[in-house]
There are 2 protein chains.
Amino acid sequence: MPHHILKDHDHNQCISSALRSAEDICLQRGIKLTQIRRQVLEIIWQGHQPSTAYDILDCLSQQQNKKVAPPTVYRALDFLLDNGLIHRLESMNAYIGCDAPTTPHQSCFLICSHCRSVAELHDMPIYAALAEEVRQEGFKAKGIMIEVKGVCADCVEQGQSA
Amino acid sequence: MPHHILKDHDHNQCISSALRSAEDICLQRGIKLTQIRRQVLEIIWQGHQPSTAYDILDCLSQQQNKKVAPPTVYRALDFLLDNGLIHRLESMNAYIGCDAPTTPHQSCFLICSHCRSVAELHDMPIYAALAEEVRQEGFKAKGIMIEVKGVCADCVEQGQSA
DNA sequence: TATAGTAGGTTACTATATAACATTTTGTGA
DNA sequence: TCACAAAATGTTATATAGTAACCTACTATA
Ligand SMILES: [Zn+2]
Ligand SMILES: [Zn+2]
Ligand SMILES: [Zn+2]
Ligand SMILES: [Zn+2]
(Lines give C-alpha, C1' and ligand atoms only; values in the text may rest on other atoms or scores of the structure.)
(Ligands and ions follow the chains in the order given, each with its own letter.)
Protein backbone atom coordinates (compact mmCIF):
# COMPACT_ATOMS: atom_id res chain seq x y z
CA MET A 1 0.00 0.00 0.00
CA PRO A 2 1.46 3.36 -0.99
CA HIS A 3 2.20 5.41 2.04
CA HIS A 4 0.06 8.42 1.22
CA ILE A 5 -3.12 6.50 1.82
CA LEU A 6 -2.52 6.69 5.52
CA LYS A 7 -0.72 9.99 5.62
CA ASP A 8 -2.42 13.08 6.92
CA HIS A 9 -5.14 11.16 8.65
CA ASP A 10 -5.66 9.01 11.67
CA HIS A 11 -7.25 5.93 10.28
CA ASN A 12 -8.06 4.45 13.66
CA GLN A 13 -10.31 7.44 13.90
CA CYS A 14 -12.03 6.40 10.64
CA ILE A 15 -12.60 2.90 11.96
CA SER A 16 -13.92 3.82 15.35
CA SER A 17 -16.13 6.52 13.95
CA ALA A 18 -17.58 4.08 11.41
CA LEU A 19 -18.32 1.58 14.15
CA ARG A 20 -19.87 4.22 16.36
CA SER A 21 -22.12 5.40 13.53
CA ALA A 22 -23.16 1.84 12.85
CA GLU A 23 -24.10 1.32 16.46
CA ASP A 24 -26.10 4.54 16.55
CA ILE A 25 -27.93 3.67 13.37
CA CYS A 26 -28.79 0.18 14.52
CA LEU A 27 -30.00 1.47 17.85
CA GLN A 28 -32.18 4.07 16.16
CA ARG A 29 -33.68 1.60 13.72
CA GLY A 30 -34.16 -1.20 16.19
CA ILE A 31 -31.90 -3.55 14.27
CA LYS A 32 -28.92 -5.46 15.53
CA LEU A 33 -25.25 -5.01 14.83
CA THR A 34 -24.37 -8.59 15.69
CA GLN A 35 -20.84 -9.76 16.21
CA ILE A 36 -20.41 -11.03 12.68
CA ARG A 37 -21.86 -7.90 11.11
CA ARG A 38 -19.61 -5.78 13.25
CA GLN A 39 -16.58 -7.85 12.39
CA VAL A 40 -17.32 -7.65 8.67
CA LEU A 41 -17.79 -3.90 8.88
CA GLU A 42 -14.52 -3.57 10.76
CA ILE A 43 -12.71 -5.71 8.19
CA ILE A 44 -14.06 -3.56 5.38
CA TRP A 45 -12.86 -0.48 7.20
CA GLN A 46 -9.33 -1.81 7.52
CA GLY A 47 -8.46 0.58 4.72
CA HIS A 48 -9.86 2.93 2.15
CA GLN A 49 -9.43 0.22 -0.44
CA PRO A 50 -12.38 -2.00 -1.30
CA SER A 51 -12.55 -5.57 -0.03
CA THR A 52 -13.94 -8.50 -1.97
CA ALA A 53 -16.35 -10.90 -0.33
CA TYR A 54 -13.70 -13.60 -0.34
CA ASP A 55 -11.06 -11.32 1.17
CA ILE A 56 -13.51 -10.76 3.98
CA LEU A 57 -14.25 -14.46 4.17
CA ASP A 58 -10.58 -15.30 4.64
CA CYS A 59 -10.08 -12.57 7.16
CA LEU A 60 -13.13 -13.58 9.14
CA SER A 61 -12.09 -17.23 9.09
CA GLN A 62 -8.73 -16.24 10.53
CA GLN A 63 -10.30 -14.14 13.24
CA GLN A 64 -12.72 -16.89 14.20
CA ASN A 65 -10.01 -19.51 13.84
CA LYS A 66 -12.35 -21.75 11.86
CA LYS A 67 -13.67 -21.97 8.32
CA VAL A 68 -16.50 -19.55 7.73
CA ALA A 69 -18.75 -20.26 4.73
CA PRO A 70 -19.70 -17.72 2.05
CA PRO A 71 -23.34 -17.26 3.10
CA THR A 72 -22.21 -15.93 6.44
CA VAL A 73 -20.30 -13.15 4.75
CA TYR A 74 -22.90 -12.41 2.10
CA ARG A 75 -25.63 -12.11 4.71
CA ALA A 76 -23.58 -9.63 6.67
CA LEU A 77 -22.81 -7.72 3.48
CA ASP A 78 -26.51 -7.63 2.57
CA PHE A 79 -27.35 -6.27 5.98
CA LEU A 80 -24.67 -3.60 5.78
CA LEU A 81 -25.68 -2.67 2.22
CA ASP A 82 -29.38 -2.50 3.09
CA ASN A 83 -28.60 -0.14 5.91
CA GLY A 84 -26.27 2.05 3.92
CA LEU A 85 -23.23 1.23 6.03
CA ILE A 86 -21.25 0.06 3.05
CA HIS A 87 -21.40 0.42 -0.72
CA ARG A 88 -20.81 -2.11 -3.44
CA LEU A 89 -18.48 -1.17 -6.27
CA GLU A 90 -20.14 -2.79 -9.25
CA SER A 91 -17.15 -2.55 -11.49
CA MET A 92 -14.93 -4.51 -9.14
CA ASN A 93 -17.24 -6.82 -7.21
CA ALA A 94 -16.01 -5.28 -4.03
CA TYR A 95 -17.28 -3.46 -0.99
CA ILE A 96 -16.25 -0.28 0.74
CA GLY A 97 -17.33 1.49 3.89
CA CYS A 98 -19.65 4.45 3.53
CA ASP A 99 -18.23 7.57 5.08
CA ALA A 100 -21.60 9.20 5.73
CA PRO A 101 -24.03 6.44 6.64
CA THR A 102 -26.26 8.68 8.72
CA THR A 103 -27.27 10.97 5.87
CA PRO A 104 -28.97 9.69 2.72
CA HIS A 105 -26.89 10.49 -0.31
CA GLN A 106 -25.96 9.52 -3.83
CA SER A 107 -22.34 8.68 -4.40
CA CYS A 108 -19.77 8.79 -7.11
CA PHE A 109 -16.68 6.68 -6.58
CA LEU A 110 -13.19 7.58 -7.71
CA ILE A 111 -11.16 4.41 -7.95
CA CYS A 112 -7.39 4.72 -8.22
CA SER A 113 -5.89 1.96 -10.32
CA HIS A 114 -2.47 2.54 -8.81
CA CYS A 115 -3.01 2.60 -5.05
CA ARG A 116 -6.49 1.08 -5.26
CA SER A 117 -7.89 3.68 -2.90
CA VAL A 118 -11.49 4.69 -3.38
CA ALA A 119 -12.89 8.13 -2.65
CA GLU A 120 -16.61 8.69 -2.26
CA LEU A 121 -18.02 11.98 -3.52
CA HIS A 122 -21.49 12.91 -2.32
CA ASP A 123 -24.45 14.48 -4.05
CA MET A 124 -22.49 16.13 -6.79
CA PRO A 125 -24.45 18.70 -8.77
CA ILE A 126 -24.31 16.47 -11.82
CA TYR A 127 -26.40 13.90 -10.01
CA ALA A 128 -29.48 16.02 -10.16
CA ALA A 129 -28.72 16.90 -13.76
CA LEU A 130 -28.33 13.26 -14.68
CA ALA A 131 -31.53 12.31 -12.90
CA GLU A 132 -33.32 15.01 -14.85
CA GLU A 133 -31.89 13.94 -18.20
CA VAL A 134 -32.90 10.38 -17.51
CA ARG A 135 -36.38 11.48 -16.45
CA GLN A 136 -36.76 13.31 -19.74
CA GLU A 137 -36.17 10.03 -21.53
CA GLY A 138 -39.26 8.80 -19.74
CA PHE A 139 -37.12 6.45 -17.69
CA LYS A 140 -38.02 5.99 -14.06
CA ALA A 141 -34.72 5.68 -12.25
CA LYS A 142 -34.42 3.56 -9.13
CA GLY A 143 -30.67 3.63 -8.72
CA ILE A 144 -27.78 5.43 -10.32
CA MET A 145 -24.26 4.08 -10.30
CA ILE A 146 -21.28 6.23 -11.14
CA GLU A 147 -17.78 4.84 -10.88
CA VAL A 148 -14.70 6.54 -12.23
CA LYS A 149 -11.45 4.66 -12.80
CA GLY A 150 -8.20 6.56 -12.98
CA VAL A 151 -5.31 7.82 -10.90
CA CYS A 152 -5.85 9.69 -7.65
CA ALA A 153 -4.30 13.05 -6.87
CA ASP A 154 -1.64 11.63 -4.58
CA CYS A 155 -0.53 9.05 -7.09
CA VAL A 156 -0.44 11.62 -9.88
CA GLU A 157 1.70 13.79 -7.66
CA GLN A 158 4.11 10.91 -7.27
CA GLY A 159 4.36 10.57 -11.00
CA GLN A 160 2.15 7.52 -11.37
CA SER A 161 0.04 7.20 -14.44
CA ALA A 162 -1.40 3.70 -14.30
CA MET B 1 -39.88 -10.59 -23.73
CA PRO B 2 -42.45 -7.76 -23.58
CA HIS B 3 -43.70 -6.94 -27.03
CA HIS B 4 -42.80 -3.27 -27.11
CA ILE B 5 -39.10 -4.05 -27.32
CA LEU B 6 -39.52 -5.04 -30.92
CA LYS B 7 -42.33 -2.70 -31.81
CA ASP B 8 -41.75 0.32 -33.95
CA HIS B 9 -38.44 -0.87 -35.24
CA ASP B 10 -37.03 -3.38 -37.65
CA HIS B 11 -34.54 -5.27 -35.58
CA ASN B 12 -33.07 -7.19 -38.50
CA GLN B 13 -31.99 -3.77 -39.59
CA CYS B 14 -30.20 -3.27 -36.25
CA ILE B 15 -28.37 -6.56 -36.64
CA SER B 16 -27.26 -6.14 -40.20
CA SER B 17 -26.22 -2.57 -39.61
CA ALA B 18 -24.16 -3.63 -36.59
CA LEU B 19 -22.43 -6.32 -38.61
CA ARG B 20 -21.76 -3.97 -41.48
CA SER B 21 -20.23 -1.38 -39.13
CA ALA B 22 -18.07 -4.07 -37.58
CA GLU B 23 -16.79 -5.14 -40.98
CA ASP B 24 -16.01 -1.57 -41.96
CA ILE B 25 -14.19 -0.90 -38.73
CA CYS B 26 -12.11 -4.03 -38.97
CA LEU B 27 -11.22 -3.31 -42.56
CA GLN B 28 -10.18 0.22 -41.67
CA ARG B 29 -8.08 -0.86 -38.73
CA GLY B 30 -6.49 -3.83 -40.41
CA ILE B 31 -7.90 -6.26 -37.87
CA LYS B 32 -9.98 -9.33 -38.47
CA LEU B 33 -13.61 -10.02 -37.81
CA THR B 34 -13.14 -13.77 -37.65
CA GLN B 35 -16.03 -16.20 -37.76
CA ILE B 36 -16.19 -16.59 -34.01
CA ARG B 37 -16.01 -12.87 -33.36
CA ARG B 38 -18.71 -12.28 -35.90
CA GLN B 39 -20.90 -14.99 -34.44
CA VAL B 40 -20.49 -13.61 -30.93
CA LEU B 41 -21.34 -10.11 -32.12
CA GLU B 42 -24.40 -11.43 -33.89
CA ILE B 43 -25.51 -13.34 -30.82
CA ILE B 44 -25.15 -10.22 -28.70
CA TRP B 45 -27.24 -8.32 -31.20
CA GLN B 46 -30.06 -10.81 -31.04
CA GLY B 47 -31.86 -8.27 -28.90
CA HIS B 48 -31.53 -5.00 -27.07
CA GLN B 49 -31.13 -6.95 -23.87
CA PRO B 50 -27.66 -7.72 -22.58
CA SER B 51 -26.20 -11.21 -22.91
CA THR B 52 -24.00 -12.89 -20.34
CA ALA B 53 -20.82 -14.64 -21.40
CA TYR B 54 -22.37 -17.98 -20.61
CA ASP B 55 -25.53 -17.22 -22.57
CA ILE B 56 -23.26 -16.58 -25.49
CA LEU B 57 -21.27 -19.69 -24.75
CA ASP B 58 -24.37 -21.86 -24.88
CA CYS B 59 -25.65 -20.20 -28.00
CA LEU B 60 -22.33 -20.54 -29.75
CA SER B 61 -22.04 -24.17 -28.73
CA GLN B 62 -25.43 -24.83 -30.26
CA GLN B 63 -24.53 -23.08 -33.47
CA GLN B 64 -21.25 -24.94 -33.78
CA ASN B 65 -22.86 -28.17 -32.68
CA LYS B 66 -20.02 -28.86 -30.26
CA LYS B 67 -18.93 -27.71 -26.81
CA VAL B 68 -17.18 -24.38 -26.93
CA ALA B 69 -15.03 -23.47 -23.92
CA PRO B 70 -15.17 -20.20 -22.00
CA PRO B 71 -11.86 -18.74 -23.24
CA THR B 72 -13.17 -18.80 -26.78
CA VAL B 73 -16.03 -16.54 -25.82
CA TYR B 74 -14.03 -14.29 -23.52
CA ARG B 75 -11.41 -13.73 -26.21
CA ALA B 76 -14.06 -12.71 -28.68
CA LEU B 77 -15.64 -10.44 -26.08
CA ASP B 78 -12.27 -8.83 -25.34
CA PHE B 79 -11.74 -8.18 -29.01
CA LEU B 80 -15.18 -6.66 -29.42
CA LEU B 81 -14.76 -4.56 -26.26
CA ASP B 82 -11.31 -3.33 -27.26
CA ASN B 83 -12.69 -2.20 -30.56
CA GLY B 84 -15.75 -0.54 -29.13
CA LEU B 85 -18.18 -2.87 -30.85
CA ILE B 86 -19.81 -3.88 -27.60
CA HIS B 87 -20.02 -2.54 -24.06
CA ARG B 88 -19.85 -4.35 -20.77
CA LEU B 89 -22.53 -3.62 -18.20
CA GLU B 90 -20.58 -3.78 -14.98
CA SER B 91 -23.59 -4.02 -12.75
CA MET B 92 -24.87 -7.15 -14.47
CA ASN B 93 -21.79 -8.91 -15.79
CA ALA B 94 -23.29 -8.74 -19.22
CA TYR B 95 -22.53 -7.42 -22.67
CA ILE B 96 -24.51 -5.35 -25.13
CA GLY B 97 -23.93 -4.15 -28.66
CA CYS B 98 -22.80 -0.58 -29.14
CA ASP B 99 -25.12 1.34 -31.39
CA ALA B 100 -22.49 3.83 -32.56
CA PRO B 101 -19.20 1.94 -32.80
CA THR B 102 -17.76 4.21 -35.48
CA THR B 103 -17.79 7.35 -33.36
CA PRO B 104 -15.92 7.59 -30.06
CA HIS B 105 -18.32 8.36 -27.25
CA GLN B 106 -19.04 8.05 -23.59
CA SER B 107 -22.16 6.19 -22.67
CA CYS B 108 -24.76 6.08 -19.98
CA PHE B 109 -26.88 2.96 -19.81
CA LEU B 110 -30.53 2.85 -18.81
CA ILE B 111 -31.33 -0.65 -17.67
CA CYS B 112 -34.98 -1.63 -17.36
CA SER B 113 -35.53 -4.10 -14.58
CA HIS B 114 -38.87 -5.15 -16.03
CA CYS B 115 -38.21 -5.87 -19.71
CA ARG B 116 -34.44 -5.99 -19.27
CA SER B 117 -33.89 -3.74 -22.26
CA VAL B 118 -30.90 -1.45 -22.19
CA ALA B 119 -30.73 1.97 -23.81
CA GLU B 120 -27.42 3.66 -24.49
CA LEU B 121 -27.30 7.43 -24.17
CA HIS B 122 -24.31 9.16 -25.72
CA ASP B 123 -22.16 12.04 -24.61
CA MET B 124 -24.75 13.56 -22.34
CA PRO B 125 -23.95 17.08 -21.19
CA ILE B 126 -23.41 15.84 -17.67
CA TYR B 127 -20.45 13.84 -18.84
CA ALA B 128 -18.33 16.88 -19.39
CA ALA B 129 -19.53 18.31 -16.09
CA LEU B 130 -18.66 15.11 -14.26
CA ALA B 131 -15.24 14.95 -15.89
CA GLU B 132 -14.62 18.51 -14.77
CA GLU B 133 -15.75 17.90 -11.20
CA VAL B 134 -13.52 14.87 -11.01
CA ARG B 135 -10.61 16.79 -12.48
CA GLN B 136 -11.04 19.41 -9.77
CA GLU B 137 -10.52 16.71 -7.20
CA GLY B 138 -7.11 16.21 -8.77
CA PHE B 139 -8.21 12.84 -10.05
CA LYS B 140 -7.04 11.81 -13.50
CA ALA B 141 -9.97 9.89 -14.97
CA LYS B 142 -9.36 7.10 -17.44
CA GLY B 143 -12.84 5.69 -17.69
CA ILE B 144 -16.28 6.61 -16.44
CA MET B 145 -19.05 4.13 -15.82
CA ILE B 146 -22.63 5.32 -15.52
CA GLU B 147 -25.43 2.81 -15.21
CA VAL B 148 -28.98 3.59 -14.23
CA LYS B 149 -31.39 0.90 -13.07
CA GLY B 150 -35.08 1.54 -13.25
CA VAL B 151 -38.13 1.13 -15.47
CA CYS B 152 -38.11 2.20 -19.10
CA ALA B 153 -40.70 4.49 -20.66
CA ASP B 154 -42.59 1.70 -22.40
CA CYS B 155 -42.86 -0.38 -19.27
CA VAL B 156 -43.96 2.62 -17.21
CA GLU B 157 -46.63 3.27 -19.81
CA GLN B 158 -47.85 -0.27 -19.35
CA GLY B 159 -48.14 0.27 -15.65
CA GLN B 160 -45.05 -1.63 -14.63
CA SER B 161 -43.12 -0.42 -11.65
CA ALA B 162 -40.54 -3.11 -10.99
C1' DT C 1 -42.77 -21.36 28.99
C1' DA C 2 -44.73 -21.89 24.30
C1' DT C 3 -43.81 -19.86 20.12
C1' DA C 4 -42.73 -16.82 16.28
C1' DG C 5 -39.16 -14.26 14.26
C1' DT C 6 -34.34 -13.46 13.38
C1' DA C 7 -29.67 -14.84 12.81
C1' DG C 8 -26.28 -18.06 11.77
C1' DG C 9 -24.35 -22.93 10.27
C1' DT C 10 -23.76 -26.35 6.66
C1' DT C 11 -23.73 -28.45 2.29
C1' DA C 12 -23.98 -28.20 -2.19
C1' DC C 13 -24.29 -25.85 -6.14
C1' DT C 14 -24.46 -22.14 -9.95
C1' DA C 15 -22.31 -18.31 -12.27
C1' DT C 16 -18.37 -15.61 -13.91
C1' DA C 17 -13.65 -15.41 -15.42
C1' DT C 18 -8.68 -16.55 -16.16
C1' DA C 19 -4.03 -19.15 -16.42
C1' DA C 20 -1.20 -21.95 -18.90
C1' DC C 21 0.02 -24.48 -22.57
C1' DA C 22 -0.93 -26.92 -27.17
C1' DT C 23 -2.38 -26.62 -31.88
C1' DT C 24 -3.90 -24.43 -36.03
C1' DT C 25 -4.23 -20.76 -39.24
C1' DT C 26 -2.51 -16.78 -41.51
C1' DG C 27 0.55 -13.53 -43.31
C1' DT C 28 5.32 -12.45 -44.89
C1' DG C 29 9.84 -12.58 -46.69
C1' DA C 30 13.56 -15.58 -48.47
C1' DT D 1 6.77 -22.34 -52.45
C1' DC D 2 8.90 -22.99 -48.26
C1' DA D 3 10.19 -21.41 -43.61
C1' DC D 4 9.04 -18.87 -40.05
C1' DA D 5 6.66 -15.66 -36.89
C1' DA D 6 2.46 -13.84 -35.37
C1' DA D 7 -2.28 -14.26 -34.47
C1' DA D 8 -6.14 -17.00 -33.43
C1' DT D 9 -8.22 -20.86 -31.50
C1' DG D 10 -8.45 -25.30 -28.72
C1' DT D 11 -7.96 -27.62 -24.27
C1' DT D 12 -7.62 -28.46 -19.47
C1' DA D 13 -7.72 -26.93 -15.21
C1' DT D 14 -8.62 -23.64 -11.81
C1' DA D 15 -9.79 -19.24 -9.59
C1' DT D 16 -13.29 -16.07 -8.06
C1' DA D 17 -18.12 -14.53 -7.04
C1' DG D 18 -22.63 -15.57 -5.38
C1' DT D 19 -26.95 -18.37 -4.05
C1' DA D 20 -30.38 -22.22 -2.76
C1' DA D 21 -32.10 -25.04 0.55
C1' DC D 22 -32.46 -26.73 4.76
C1' DC D 23 -31.25 -26.94 9.52
C1' DT D 24 -30.06 -25.14 14.28
C1' DA D 25 -29.76 -21.66 17.81
C1' DC D 26 -30.86 -17.60 19.84
C1' DT D 27 -34.17 -13.80 21.25
C1' DA D 28 -38.19 -11.39 22.13
C1' DT D 29 -42.59 -11.31 23.86
C1' DA D 30 -47.27 -12.90 24.75
ZN1 LIG E 1 -8.99 6.44 7.05
ZN1 LIG F 1 -21.92 6.58 1.09
ZN1 LIG G 1 -33.27 -3.37 -32.70
ZN1 LIG H 1 -21.52 2.77 -27.43
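Overview of the structure. The numbering scheme is per chain: residues are counted from 1 as the chain's sequence reads. Working convention: letters from A go to chains and numbers from 1 go to ligands, in the order in which they are written. Totals for whole chains, interfaces and linings use all residues, but because this is a predicted model, local features are given only for residues with pLDDT of at least 70 and pairs of side-chain atoms are given and counted only at 80 or more. With hydrogens and water set aside, each side-chain value is computed from the structure's full complement of heavy atoms.

Turning our eyes to something else, we now look at the interface of chain A and chain B. The contact definition used throughout considers only heavy atoms, calling two residues in contact when any of these lie within 4.5 Å. Contacts between chain A and chain B engage 35 residues on the former and 35 residues on the latter. Two parts placed together each lose some accessible area under a 1.4 Å probe, and adding up what both lose gives the buried area. Taking both partners together, chain A and chain B bury about 2800 Å²; carbon and sulfur atoms supply 67% of that area. For the chain A face of the interface with chain B, the top three residues by lost area are A:Ile126, A:Phe139 and A:Met145, together amounting to 22%. Between Lys or Arg on one side and Asp or Glu on the other, a salt bridge is scored when a side-chain nitrogen of the former is within 4 Å of a carboxyl oxygen of the latter. Seen at the junction of chain A and chain B, the total is zero salt bridges. Pairing of N or O atoms within 3.5 Å defines a polar contact, subject to two protein rules: one partner must be a possible hydrogen donor and the other a possible acceptor, and residues neighboring in sequence count only if both atoms are side-chain atoms. There are ten residue pairs in polar contact (both at pLDDT 80 or more) connecting chain A and chain B. In this text, helices come from DSSP runs of H or I with a minimum length of four residues, and strands from runs of E with a minimum of two, each type numbered from the N-terminal end. Elements with a minimum of two residues in the side of chain A that touches chain B: strand E3 (107–112), helix H5 (125–136), strand E5 (140–151) and helix H6 (153–157) of chain A. By residue number, the principal contributor to the side of chain A that touches chain B is E5(A), which donates twelve residues. Here eleven bridges tie E5(A) to strand E5 (residues 140–151) of chain B, and the two strands are oriented antiparallel to one another. DSSP calls a pair of strands paired once it identifies at least 2 bridges connecting them.

Moving on, we come to the nonpolar core. The nonpolar core is taken to be a set of buried Ala, Val, Leu, Ile, Met, Phe, Trp, Tyr and Cys residues, with the residues joined through side-chain atoms within 4.5 Å. With a 1.4 Å probe rolled over the protein chains alone, any residue whose accessible area is under 20% of its type maximum counts as buried; one over 50% counts as exposed, and the rest are partly exposed. Counting residues in hydrophobic clusters, the biggest one holds 34 residues, and the most contacted among them are A:Leu130, A:Ile146, B:Leu130 and B:Ile146. When contributions to this core are tallied by element, the ones reaching two or more residues are E3, H5 and E5 of chain A together with strand E3 (107–112), helix H5 (125–136) and E5 of chain B. When neighbours within four sequence positions are excluded, B:Ile146 is seen to be in contact with A:Leu130, A:Met145, A:Ile146, B:Ser107, B:Cys108, B:Phe109, B:Ile126, B:Tyr127 and B:Leu130.

Moving on, we get to the relation of the copies chain A and chain B. Least-squares fitting of chain A to chain B yields an RMSD of 0.1 Å, with the transformation described by 0.0 Å of translation along the axis and a rotation of 180°. When the rotation and shift are considered jointly, the pair of chain copies conforms to a two-fold rotation axis. Among all residues of chain A, the minimum C-alpha distance to the rotation axis is found for A:Ile146, at 2.3 Å. A shared interface surface links the copies, since 100% of the contact residues of chain A are contact residues in chain B too. We superpose the copies by least squares over the C-alpha atoms of residues that have a pLDDT of at least 70 in both of them.

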